[in-house]
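These are the residues of each chain, in order.
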Amino acid sequence: MTELISLTRLEPGFSARITGLTASGEMRRRLQDIGFIPGTAVTCLQRSPLGDPTAYRIRGTVIALRREDAKNILLAKEAFHEK
């Protein structure tokens, strides 16, 4: 069985594929509009000095997400790999 974890657990320098979203309504739509859809690769680039927000590369674009929003994006734990 695949263990799902949130995007907040992805460490800088690592990549994974998105497996799903737990957000609903307007937030779900916003995340999908900026490219956070299942099957898409995402790379954690860096965390801000205080840990929030974190910069991610998705579809060639750098997006900064707050922890509150990133926790709604699910990844398969075994899909992690270093870039």
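Just above sits the structure.
Note that this is a predicted model, so its numbers are computed, not measured. (Residues numbered from 1 in each chain as written. Predicted model: local features only at pLDDT ≥ 70, side-chain atom pairs only at ≥ 80, totals over all residues. Heavy atoms only, no water.)

Trainee: Looking at this structure, how should I read the environment of Ala-23?
Mentor: Examined against the element boundaries, Ala-23 turns out to sit in the loop between β2 (14-21) and α1 (25-33). The exposure class assigned to Ala-23 is buried, which follows from its relative accessible area of 7%. Along the primary structure Ala-23 and Arg-66 are separated by 43 residues, whereas in three dimensions their C-alpha atoms are 14 Å apart. Look past the residues within four positions of Ala-23 in its chain and what remains in contact with it is Arg-28, Leu-31 and Asn-72. (Helix = DSSP H or I, 4+ residues; strand = E, 2+ residues; numbered from the N terminus. Buried < 20%, exposed > 50% of the residue type's maximum accessible area, 1.4 Å probe, protein only. Contact = heavy atoms within 4.5 Å.)

Trainee: I'm lost on the nonpolar core in this one. Help?
Mentor: As a rule of thumb, soluble globular proteins bury nonpolar side chains together. Formed by 17 residues in total, the largest nonpolar core has its most connected members in Leu-7, Phe-36, Val-42, Leu-65 and Ile-73. Going through the elements one at a time, β2, β3 (41-47), β4 (54-58), β5 (61-65) and β6 (73-76) are the ones with two or more residues in this core. Tallying contributions element by element places β2 first for this core, with 3 residues. Not counting residues within four places of it along the chain, the set of residues in contact with Leu-7 comprises Phe-36, Val-42, Tyr-56, Leu-65, Ala-70, Ile-73 and Leu-75. (Core = buried A, V, L, I, M, F, W, Y, C linked by side-chain atoms within 4.5 Å.)

Trainee: Looking at this structure, how should I read the side chain of Ser-15?
Mentor: Tracing the chain through its elements places Ser-15 in strand β2. Residue classification places Ser-15 among the buried residues on the basis of a relative accessible area of 2%. In this structure the side chain of Ser-15 is engaged in a polar contact, spanning 2.6 Å, whose partner is the side chain of Thr-43. (Polar contact = N/O pair within 3.5 Å; in protein donor to acceptor, adjacent residues only side chain to side chain.)

Trainee: Where do I start with the pattern of salt bridges in this structure?
Mentor: Side chains that differ in sign of charge can pair as their charged atoms come close. Applying the stated rule across the entire model yields 4 salt bridges. Between Asp-33 and Arg-29 there is a salt bridge whose closest N-O contact spans 3.2 Å. With Asp-33 and Arg-29 both in helix α1 and 4 residues apart, this pair spans about one turn of that helix. Residue classification places Asp-33 among the exposed positions, given a relative accessible area of 53%. Exposure remark for Arg-29: the relative accessible area of 54% places this residue in the exposed category. Across the salt bridge formed by Arg-66 and Asp-69, the nearest N and O atoms sit 3.1 Å from each other. Among the residues examined, Arg-66 registers a relative accessible area of 44% and is labelled partly exposed. (Salt bridge = Lys/Arg side-chain N within 4 Å of Asp/Glu carboxyl O.)

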